[in-house]
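Next come the chains, spelled out residue by residue.
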Amino acid sequence: MDFLNINFLALHAQEKQNIIYKIEEILDTATEDYTFEQKILAQALFMERYYLFIQRILNALSVPVPVLLRDIRDYLWHYLKKECSVQELEKFHHASASVLSYILVDDDDNLDKTAWEKYKEDWDNSLYFNLCLEEAASEWSYILEQIVTKKANWYELTDGEFMAIAGYYIDTFDLEPIYKKEDGFYRAAENDRYWLEIYDSQTFGRAVSMLLDDLRIVKDIGEVSEEEIQRLYVQQQNKIIFDEQQIEKIIQKLK
């Protein structure tokens with residue numbers, strides 16, 4: 001399969017589902033000639049689309065982006081632009097990851113107290129938990145983890161962590177008509193139908209197409225230079241994972 005050049009939106013629903021179920025393996029094959037830096041950059045470009053969406057939503061609600069999310073995202077771009085060293089990024093990552101671990105699973109064994117004092121007030125806002133924690137800050141943090149360990153991979157995509165962001169919003173904010181049960185309890189066949197309709201939706205298809213765009217862009221630039229990073233970073237500021245009508249619908253439901 002020439003994954004980088006497929007038209008995901010034109011595929012049948014079952015074909016789309018088969019791809020998502022094997023996305024890690026498919027991406028490993030599709031990017032086997034990518035350098036480590038290219039794999040990291042592709043993930044950063046795609047997640048930047050989601051960050052811009054979060055920023056747009058929060059601005060409309062007159063709520064600032066949580067400092068933890070902003071810092072994790074900024075550190076990645078600083079690293080890609082050669083504005084900070086691996087050692088600096090590693091130190092920040094260990095501190096910020098300890099805060100995320102404490103917030104998510106109440107694990108304070110390795111909690112960096114200085115980092116906690118800086119970031120703890122963010123999470124008094126329940127909106128941050130719903131929009132900014134597991135589906136955003138944790139994903140950015142996982143990209144930093146790959147840099148620190150020097151092992152780029154697509155693990156988070158196996159469970160749809162990046163792209164299922166679209167699925168969550170399609171369902172929660174009724175962006176498209178899909179099969180859903182109000183009580184949220186699905187039998188096996190019902191669950192299969194639910195996800196099949198999400199994968200077959202225009203919104204989800206666009207999200208996958210955006211990932212493919214980012215993968216192709218990174219492949220085409222070849223060697224990743226600071227100039228290319230800056231150019232792509234600026235270009236990405238006009239690219240958001242949802243369209244204007246969907247964003248407005250989400251904002252109105254959150255108000």
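Check the entry above for the structure.
These figures come from a predicted structure and were not determined experimentally.

The rules we used
Residues numbered from 1 in each chain as written. Predicted model: local features only at pLDDT ≥ 70, side-chain atom pairs only at ≥ 80, totals over all residues. Heavy atoms only, no water. Salt bridge = Lys/Arg side-chain N within 4 Å of Asp/Glu carboxyl O. Helix = DSSP H or I, 4+ residues; strand = E, 2+ residues; numbered from the N terminus. Buried < 20%, exposed > 50% of the residue type's maximum accessible area, 1.4 Å probe, protein only. Phe/Tyr/Trp six-rings, centres within 6.5 Å; stacked < 30°, edge-to-face > 60°. Lys NZ or Arg CZ within 6 Å of the ring centre and 35° of its normal. Core = buried A, V, L, I, M, F, W, Y, C linked by side-chain atoms within 4.5 Å. Contact = heavy atoms within 4.5 Å.

Student: So what about the pattern of salt bridges? Which residues, and what values?
Tutor: Applying the stated criterion to the full structure yields 16 salt bridges. In this structure, Asp-200 engages Lys-16 in a salt bridge whose closest nitrogen and oxygen atoms are separated by 2.8 Å. With Asp-200 in the loop between helix H10 (188–199) and helix H11 (202–221) and Lys-16 in helix H1 (residues 13–21), this pair connects stretches of sequence that are 184 residues apart. Notably, a salt bridge pairs Arg-73 with Asp-74, separated by 2.9 Å at the nearest N-O pair. You can call Arg-73 buried: its relative accessible area is 7%. Among the residues examined, Asp-74 registers a relative accessible area of 21% and is labelled partly exposed.

Student: Go over the packing of aromatic side chains with me, naming the residues and quoting the values.
Tutor: Across all of its chains, the model carries 17 aromatic pairs by this definition. Judged by centre distance (6.5 Å) and plane angle (90°), the rings of Tyr-51 and Trp-140 are edge-to-face. Remark: Trp-140 occurs in helix H7 (residues 126–149) and Tyr-51 occurs in helix H3 (residues 36–60); sequence separation between them is 89 residues. Using a relative accessible area of 3% as the deciding quantity, one classes Tyr-51 as buried. In this structure an aromatic cluster arises from ring pairing among Tyr-21, Tyr-179, Tyr-186, Tyr-194, Trp-195, Tyr-199 and Phe-204. Lying over the aromatic face of Tyr-233, Lys-81 brings its terminal NZ or CZ to 3.8 Å of the ring centre.

Student: Before we move on, could you go through unusual backbone geometry and cite the residues and values that matter?
Tutor: One non-glycine residue, Lys-82, lies in the positive phi region at around 65°. On the secondary structure map, Lys-82 appears in the loop between helix H4 (67–80) and helix H5 (86–105). The phi dihedral of Lys-150 is positive, around 60°, even though this residue is not glycine. Looking at where Lys-150 falls in the secondary structure, it is placed in the loop between H7 and helix H8 (155–158). Owing to a relative accessible area of 61%, Lys-150 belongs among the exposed residues under this scheme.

Student: Help me get a handle on the nonpolar core, residues and values and all.
Tutor: Ranked by internal contacts, the top residues of the largest apolar core, which has 86 residues, are Phe-3, Leu-41, Phe-53, Trp-140 and Tyr-169. For this core, the leading source of residues is H3, giving 13 residues. Excluding anything up to four places from it in sequence, Leu-41 contacts Trp-77, Leu-80, Val-218, Ile-221, Val-224, Ile-229 and Leu-232.

The values are spatial; any link to function lies outside them.
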